There are 2 protein chains.
Amino acid sequence: MVVTSPLPVQRLATLSPQRRREILDRAGSHVFDPTVQAAAAAALRAVRERGDAALVEYTEIFDGVRLAPDRLAVPAEEIAEAPGRIGSGLRAALREAIDRARRYNERLLPRSWLEPLEPGITAGVRFTPIAGVGVYIPSGKGTFPSTAVTILTPAVVAGVDPIVVVVPPRADGSIDPAVLAVCALVGVRRVIRCNGVAGVAALAVGTPTVPAMPAVVGPGNPYVTATQLLAQTAGTRVLALLGPTEAVILADGGADPRRVALDLISEAEHGAESAALLVTDSAALAAAVAAAVPALLGGLPPERARFAEAAIVRNGGIFLAETMDDAAAFVDAFAPEHLLIVAANPRQLLDRIRHAGEILLGAWSPFSAANYAIGVPAALPTGRAARAASGITVLSFLKASSVAELDADGLRRLRPAVEALGTYEGFPAHVRAVVER
Amino acid sequence: MVVTSPLPVQRLATLSPQRRREILDRAGSHVFDPTVQAAAAAALRAVRERGDAALVEYTEIFDGVRLAPDRLAVPAEEIAEAPGRIGSGLRAALREAIDRARRYNERLLPRSWLEPLEPGITAGVRFTPIAGVGVYIPSGKGTFPSTAVTILTPAVVAGVDPIVVVVPPRADGSIDPAVLAVCALVGVRRVIRCNGVAGVAALAVGTPTVPAMPAVVGPGNPYVTATQLLAQTAGTRVLALLGPTEAVILADGGADPRRVALDLISEAEHGAESAALLVTDSAALAAAVAAAVPALLGGLPPERARFAEAAIVRNGGIFLAETMDDAAAFVDAFAPEHLLIVAANPRQLLDRIRHAGEILLGAWSPFSAANYAIGVPAALPTGRAARAASGITVLSFLKASSVAELDADGLRRLRPAVEALGTYEGFPAHVRAVVER
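Residues numbered from 1 in each chain as written. Chains lettered and ligands numbered in written order. Predicted model: local features only at pLDDT ≥ 70, side-chain atom pairs only at ≥ 80, totals over all residues. Heavy atoms only, no water.

Turning our attention to the confidence of the model for chain A. Per-residue confidence for chain A gives a mean pLDDT of 95; residues scoring 70 or more make up 99%. As a predicted assembly, this complex carries a pTM of 0.97 together with an ipTM value of 0.96. (pLDDT = per-residue confidence, 0-100.)

As structure tokens, then:
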């Protein structure tokens, strides 16, 4: 049932503290639901005990596809041929998206350095690729080659090897050729066809077909995400927890209401757990967007319209602030995954926002362009994680080793501090290693 | 019972696959033990339900200190006076250590940028401090002002605000004045005196005295670490999982055996779960170090000697490789927290090592100098996490927001890619937001 009357406009100044908390603390995801946790633990156990056989079982039960075990690993030829099996327009789009993501991430690459900081004391840092990564690309409810672009490209720019991709098969047992095409275009050669939960478990503990990886990443349903969290018990690092998507538009009275409504709906159509918000100081804009949304919802396919309605009406909303300062403060507290600022001077408002995964500036920078083509990351922190986490870029796939080299003089210079601290903390061997050298 | 005869020397080439796996997969920590997990969950529940009263209870039960609730927050004057209450040598050492850590971390600061990548397409990144952090500094079994230096200094350099420190009280209810002195010297004003497990739980869920933080960090026993992991259920990010310390020395025949033995023991004295290894291609060096260790152990206080023996004999060892290449490959697979390379040309071996939290070069760069005084991080990835994680630096306390701005021409340039990808993935509103603009 899609709304037909204008949406309500909520005044920020009169939100009850509880309602405000509900909006900010949208946990959204059910990752920590005991049932979900138990299912993830069972998958990890099954894969640890039965290896590839568990992958086959899970894929049959949850994806409805019966695979011979030797079909789990997608053959190299199938990957190599994938770009030729998709339309030329799609292929060109993927190439362009990869190209821009590559350039953006190359520009982000940090430089290693090692230099004298004081006489006799040299120090620095070496950035090196992580030792391997398992990437989960969802499938089933949709097709997500753009997810493959935004995660695999920076992993390749970082130089990670191996990169192992897990993708659930479609009903006929095949893998989305667009996802395989991305793998081929970026140079990823290992793709595992299997159920997501079991596949992530395999990336943590290893099976004959799936090597255990020191890190995993990729957006999934709560079961997949819960399995990623549990993968930590096997010493696997989770590079990011990626939940349902969220978009906030921060706009002043000069924004075009129809464009704002289009952008609001575009991020809202992802799923019923998504959230889309407009925050503005303009009552006229709020009212115009509230009036424009229902007709736009009506123009979407029924399932997308239902998702978008849930995201805007139930999980998000249209919020009216007294001033743009108040509006910006609310957005900053929300810490959205995606933020679009449409205002007379968006760069000035930028300085008021500290917490957002992505910040798009101005009326010509819609969310969907960033999702698909600009080259900035599209796998971003959700559920208020933008207060303490970053999107997936080349920086996610590098680690820093600190490096230091002293000479005899440098060590002599540090000796009093080592003696004082080692003695106070009660570590005599620490002191002796310097004093008796 | 401290060993008196020379330690065994183990040949890498003849290690059984199982023994090799045991050495590499030292999980060491019992974070995922069900008892530990249940205790952490109980603490989180207690603090959620009873707030500050639970902090008081836990501190009485586990730390043996009965506190009035109004003593949980350490008064500002007590922090401010702390530098005057410690010896001048210790104070000078802390100032020096903070100073060097500050300079190292300032040099690591990444620069934000926003620049045109193509006509009409501007993109970039903004690095901003995370929205707040809770830092756990252990106490009780020892005193750890150096831990406060190595974690708080980069948090301050990043500009994180608030920084909330949790420290368990000593038997008389007071807080280690050296830890408070570090807080005063770096400018941290909020210190909570309470049990570690309950304190970390409070940093996740909040109490009247302890604000909920979006991130936590700090080395602790398995109960504290398990509570940090569970803090993720409250939306709190764990910046690093820091387990028992590990040190590897990679040395060739030119290394001085006594110095190598001193360095081996210095990291080994931390605790019975620590690990210390020598890996060398020189049978002579291996034998000489094996002979030198027992006498050095005998010179330590009994508890330190017991710890060091466990770390070297049970958890670590002296390993002889056929070649320095083999030795380096083994060290790389081990992915140690701390690595010291003592060889004719340490920088050449550096290029063979990809995975180590810290790499020290040459005979004048002992672990204890890096722990206390060089300024490089001393809170580093353990348990093979160095394959996919970094030490705690200013980078740990920053997050990246991607930024993009298109003009009409830039968006026009991206339109075909957005149309092709949005259509293929089945997101019509994504396409409309660009096409109908």
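More follows now that the structure is in view.
Moving on: the interface of chain B and chain A. Frequently, the measure chosen for interface size is the accessible area removed from exposure when the parts meet. Contact with chain B, which involves 118 residues of that partner, is made by 119 residues of chain A. When the two sides are added together, the surface that chain B and chain A hide from each other amounts to roughly 10300 Å², 60% of it contributed by carbon and sulfur. For E118 of chain A, the salt bridge identified is with R100 of chain B, shortest N-O distance 2.5 Å. At the junction of chain B and chain A, the tally comes to 61 residue pairs in polar contact (both at pLDDT 80 or more). Residues belonging to the side of chain B that touches chain A are distributed by class as follows: 67 nonpolar, 23 polar and 28 charged. (Contact = heavy atoms within 4.5 Å. Buried area = accessible area lost by both parts, 1.4 Å probe. Salt bridge = Lys/Arg side-chain N within 4 Å of Asp/Glu carboxyl O. Polar contact = N/O pair within 3.5 Å; in protein donor to acceptor, adjacent residues only side chain to side chain. Nonpolar A, V, L, I, M, F, W, Y, C, P; charged D, E, K, R; others polar.)

A few words now on the sheet that holds strand 7 (residues 215–217) of chain B. All names here are of chain B. Read across the sheet, five strands follow the order 6-5-4-7-8 without closing on themselves; strand pairing throughout is parallel. Since the sheet does not close on itself, it has two edges, and those belong to strand 6 (190–193) and strand 8 (237–238), each with one partner. Of the strand pairs in this sheet, strand 4 (residues 133–136) and strand 7 are connected by two bridges, and their pairing is parallel. Opposite V135, over in strand 7, you have V217 as the bridge partner. (Pairing = 2+ DSSP bridges. Helix = DSSP H or I, 4+ residues; strand = E, 2+ residues; numbered from the N terminus.)

Both the distance between ring centres and the angle between the ring planes are used here to describe each pair of aromatic rings. All names here are of chain A. Under the counting rule described, the total for this entry stands at six aromatic pairs over all chains. Here Y58 and F62 contribute two aromatic rings whose centre-to-centre distance is 5.5 Å and whose plane-to-plane angle is 35°, an arrangement assigned as tilted. In this pair, Y58 and F62 are both assigned in helix 3 (residues 52–63), four residues apart and thus about one turn of the helix distant. For Y58, a relative accessible area of 12% puts it in the buried group. With relative accessibility at 58%, the residue F62 sits in the exposed group. (Phe/Tyr/Trp six-rings, centres within 6.5 Å; stacked < 30°, edge-to-face > 60°. Buried < 20%, exposed > 50% of the residue type's maximum accessible area, 1.4 Å probe, protein only.)

As a further point, take the nonpolar core. In terms of nonpolar packing, the biggest core is built from 104 residues, with V133, L152, V165, V217 and F397 of chain B touching the most fellow members. Beyond its immediate stretch of four places on either side in the chain, L152 of chain B contacts V135, I163, V165, V182, C183, V186 and V188 of chain B. Core analysis: the next-biggest nonpolar cluster, separate from the first, contains 102 residues, I163, V182, A276 and I318 of chain A among them. (Core = buried A, V, L, I, M, F, W, Y, C linked by side-chain atoms within 4.5 Å.)

Attention now goes to the relation of the copies chain B and chain A. A rotation about some axis, followed by a shift along it, carries one copy of the chain onto the other. Overlay of chain B on chain A (RMSD 0.0 Å): rotation 180°, translation along the axis 0.0 Å. Accordingly, the operation relating the two chain copies is best matched by a two-fold axis. Closest approach to the rotation axis within chain B is made by the C-alpha atom of P110 of chain B, at a distance of 4.0 Å. (Least-squares fit on C-alpha atoms with pLDDT ≥ 70 in both.)

Adjacent strands of a sheet form backbone hydrogen bonds with each other and so pair up, either parallel or antiparallel. The nine strands lie next to each other as 2(A)-3(A)-14(A)-13(B)-12(B)-9(B)-10(B)-11(B)-1(B), forming an open sheet whose pairing is mixed. Both edges of this open sheet fall to strand 2 (113–118) of chain A together with strand 1 (9–11) of chain B, since each of them pairs with a single strand only. Averaged over neighbouring strand pairs, the angle between their axes works out to 20° when direction is ignored. The strands touched by helix 11 (residues 283–298) of chain B are strand 1, strand 9 (246–251), strand 10 (275–280) and strand 11 (317–320) of chain B; relative to strand 10 of chain B, the strand with the most contacts, the crossing angle is about 150°. (Axes fitted to C-alpha atoms, helices over the stretch in contact; angles between N-to-C directions.)

What follows is about the packing of helix 16 (residues 408–425) of chain B against helix 17 (residues 428–435) of chain B. In a packed pair of helices, the relevant descriptors are the angle between the two axes and the axis-to-axis distance. All names here are of chain B. With their axes 9 Å apart at the nearest point, helix 16 and helix 17 run at an angle of 165° to one another. Between helix 16 and helix 17, the angle is such that the two are roughly antiparallel. For the pair helix 16 and helix 17, the crossing hand works out as left-handed. Every residue of helix 17 that contacts helix 16 at L411, R415, V418, E419, G422 and T423 is listed here: H430, V431, V434 and V435. Of the residues that constitute the contact of helix 16 with helix 17, the class distribution is five nonpolar, three polar and two charged. (Parallel < 35°, antiparallel > 145°, perpendicular 65-115°, else oblique. Left-handed = near helix turned anticlockwise from the far one by under 90°.)

Before going further, it helps to examine the environment of M324 of chain A. All names here are of chain A. Along the polypeptide, M324 turns up in helix 13 (residues 324–334). What makes M324 buried here is its relative accessible area of 14%. Residue contacts for M324: discarding those within four places in its chain leaves L250, A251, D252, D281 and L349.

Residues and elements named next belong to chain B. Of all six residues that make up strand 10, six are buried, and the element is covered over most of its length. On strand 10, burial covers both faces: A275, L277 and V279 on one face and A276, L278 and T280 on the other are all buried. The pairing of strand 9 with strand 10 spans six bridges and is parallel. Bridge assignment links V248 to a residue of strand 10, and that residue is L277.

This brings us to the pattern of salt bridges. Following the criterion strictly, the structure yields 42 salt bridges over all chains and no others. Ionic contacts of the salt-bridge type, sharing partners, join the residues E96, D99, R100 and R103 of chain A together with E118, D409, R412 and R413 of chain B into one network.

Before going further, it helps to spend a moment on the side chain of N195 of chain B. All names here are of chain B. By the secondary structure assignment, N195 is in the loop between strand 6 and helix 8 (196–205). Reaching out from N195, the side chain makes a polar contact with the backbone nitrogen of A198 at a distance of 3.0 Å. In this view, N195 contacts Y58, T59, F62, D63 and V166; residues no more than four positions away in its chain are not counted.

This brings us to the packing of helix 10 (residues 257–268) of chain A against helix 17 of chain B. With their axes 8 Å apart at the nearest point, helix 10 of chain A and helix 17 of chain B run at an angle of 155° to one another. The pairing of helix 10 of chain A with helix 17 of chain B is recorded here as roughly antiparallel in orientation. You can see that helix 10 of chain A and helix 17 of chain B cross each other, and the crossing is left-handed. Between helix 10 of chain A and helix 17 of chain B, the contacting residues are R258, L262, D263, I265, S266 and E267 of chain A on the first element and A429, H430, R432 and A433 of chain B on the second. Looking at the contact of helix 10 of chain A with helix 17 of chain B residue by residue, the class counts come to four nonpolar, two polar and four charged.

All names here are of chain A. Between D161 and the following residue, P162, the backbone shows a cis peptide bond with an omega angle of 5°. As for its position among the elements, P162 is in the loop between helix 6 (145–158) and strand 5 (163–167). Notably, R384 is not glycine yet its phi reads approximately 75°, a positive angle. Considering the arrangement of structural elements, one finds R384 in the loop between helix 15 (367–372) and strand 14 (398–406).

Residue and element names in this part refer to chain A. By the secondary structure assignment, S396 is in the loop between helix 15 and strand 14. On the basis of relative accessible area, S396 is assigned to the buried category, the value being 15%. Polar side-chain contacts of S396 include one of 3.5 Å to the backbone oxygen of G391. If we skip the residues at most four places from it in the chain, S396 touches L239 and G391.

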